[in-house]
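Notes for the structure review
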Amino acid sequence: MTTDANDRPDPEAAGRGQRVLELLDKAIDLQTPLVRKNIARARQRNPEATPAQVIRSLERMYVSALTGTGAAVGGTAAAPGVGTGVALALSAGETLSSLELSALFALSVAEVHGVPIDEVERRRTIVMGVMLGGSGSTTIGKVAGRTGQHWGRQVVAKVPVETLRQINKILGPHFITKYGTKQGIIVLGRVAPFGIGAVIGGGANAALAALAVRAGRRAFGPAPESWPGLTPGTPPTPEDSQV
């Protein structure tokens, strides 16, 4: 029996996929220590903000930041003296930035909801699940053997780490396919001439951010009525603002 060349593993594709996952892990590692600072920043303007209000602030901050990075990189191709090679190099760096912003957003929302993010497998599940949207939530529910809404609270916070490892092994290839493919299309769009890349880059990142925001709402459901240790309607103290 002969083996079709198309059926053989593609070492180059496998290498690219592994690099995507390595970037994801790097982004998660870098942003995890900043989660509480990010939440505190969202509460600065209104220290008495409810968890629901803070989550809305986190969503706005995330969409604004991610859209800004896409537009900034896309606009470089139109600048005098900036070649396609430079624009592509900048886009490669921006991929990490977008992953970092997405990891920070997903983990910050989880923290507000009281979902534990102390273990790396839980963090991976949260970030990949939110970035993958509906397909991520379906996979998580199937592997965990649980159904129902709000997988972020029902699954990630409760299932054993070994189950999360199994979930992440399945989410990984989906993440590589969906995120890697989209990034490839977006990067090529950003190097379009005459400033078109800025529109494509910013618009594409805005769309990705909007998808992640909707996925986060589905993943965790309604926000808690009050901060940990407080009864509903009780104003937080300055210490509580450091969540």
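Small disclaimer: the values here were computed from a predicted structure and weren't measured.

Here the focus is the overall build of the protein. Looking only at helices and strands, the protein has 9 helices and 0 strands in total. Tracing the protein from N to C terminus, the helices and strands come up as α-α-α-α-α-α-α-α-α. Buried positions account for 44% of the 243 residues belonging to the protein. In the structure as shown, the protein presents an accessible area of about 12400 Å², 58% of it carried by carbon and sulfur atoms.

Let us now look at the confidence of the model for the protein. Close reading of the predicted structure is inappropriate where its pLDDT is low. Averaged over every residue, the pLDDT of the protein is 73; residues scoring 70 or more account for 63%. Taken together, the stretch residues 70-94 has pLDDT below 50 and engages in 38 contacts with residues farther than four places along the chain or on a different chain. Contacts of residues 182-202 to residues separated by more than four positions or lying in other chains number 39 contacts, the stretch itself having pLDDT below 50.

The next subject is the nonpolar core. Counting 47 residues, the largest nonpolar core has Val54, Ile126, Val127, Phe175 and Phe220 as its most contacted members. Considering every element that reaches this core, the biggest residue donor is helix α4 (residues 84-112), with 9 residues.

With that settled, the discussion passes to the side chain of His150. Residue position: His150 is located in the loop between α6 (134-144) and α7 (151-156). The class of His150 is buried, set by a relative accessible area of 18%. The contact partners of His150, leaving out residues within four places of it in the chain, are Arg217, Arg218, Ala219, Phe220, Gly221 and Pro222.

Before going further, it helps to spend a moment on the pattern of salt bridges. Following the criterion strictly, the structure yields 8 salt bridges and no others. A salt bridge links Glu121 to Arg124; the nearest nitrogen and oxygen atoms lie 3.0 Å apart. With a gap of 3 residues between them, Glu121 and Arg124 both fall in helix α5 (residues 120-132), about one helical turn apart. For Glu121, a relative accessible area of 12% gives the class buried. In this structure, Glu162 and Arg165 form a salt bridge, with 3.1 Å as the shortest nitrogen-oxygen distance. Here Glu162 and its partner Arg165 are both found in helix α8 (residues 161-190), 3 residues apart, which amounts to about one turn of the helix. Since its relative accessible area comes to 44%, Glu162 is described here as partly exposed. A relative accessible area of 37% places Arg165 in the partly exposed class. By sharing partners, the salt bridges in this structure join Asp25, Glu121, Arg124, Glu162 and Arg165 into a single network.

What follows covers α5. Helix length check: α5, at 13 residues, gives a terminal C-alpha distance of 18 Å against a target of 18 Å (1.5 Å per residue), a fit within 8%. Within α5, 11 of the 13 residues are buried, leaving the element largely enclosed by the surrounding structure. Within α5, the full set of buried residues consists of Glu121, Arg122, Arg123, Thr125, Ile126, Val127, Met128, Gly129, Val130, Met131 and Leu132. In the segment just after α5, Gly133 is the residue with positive phi, at about 70°.

Position of Ile167 relative to the elements: it lies in helix α8. Between the alpha carbons of Ile167 and Lys142 there is a distance of 8.9 Å; along the sequence they are 25 residues apart. Among residues more than four places away in sequence, those in contact with Ile167 are Thr125, Ile140, Val143, Ala144 and Val155.

Scoring rules and cut-offs
- Residues numbered from 1 in each chain as written.
- Predicted model: local features only at pLDDT ≥ 70, side-chain atom pairs only at ≥ 80, totals over all residues.
- Heavy atoms only, no water.
- Helix = DSSP H or I, 4+ residues; strand = E, 2+ residues; numbered from the N terminus.
- Buried < 20%, exposed > 50% of the residue type's maximum accessible area, 1.4 Å probe, protein only.
- Areas by Shrake-Rupley, 256 points an atom, 1.4 Å probe, with all protein chains shown as cover.
- pLDDT = per-residue confidence, 0-100.
- Contact = heavy atoms within 4.5 Å.
- Core = buried A, V, L, I, M, F, W, Y, C linked by side-chain atoms within 4.5 Å.
- Salt bridge = Lys/Arg side-chain N within 4 Å of Asp/Glu carboxyl O.
- Expected span 1.5 Å × (residues − 1).

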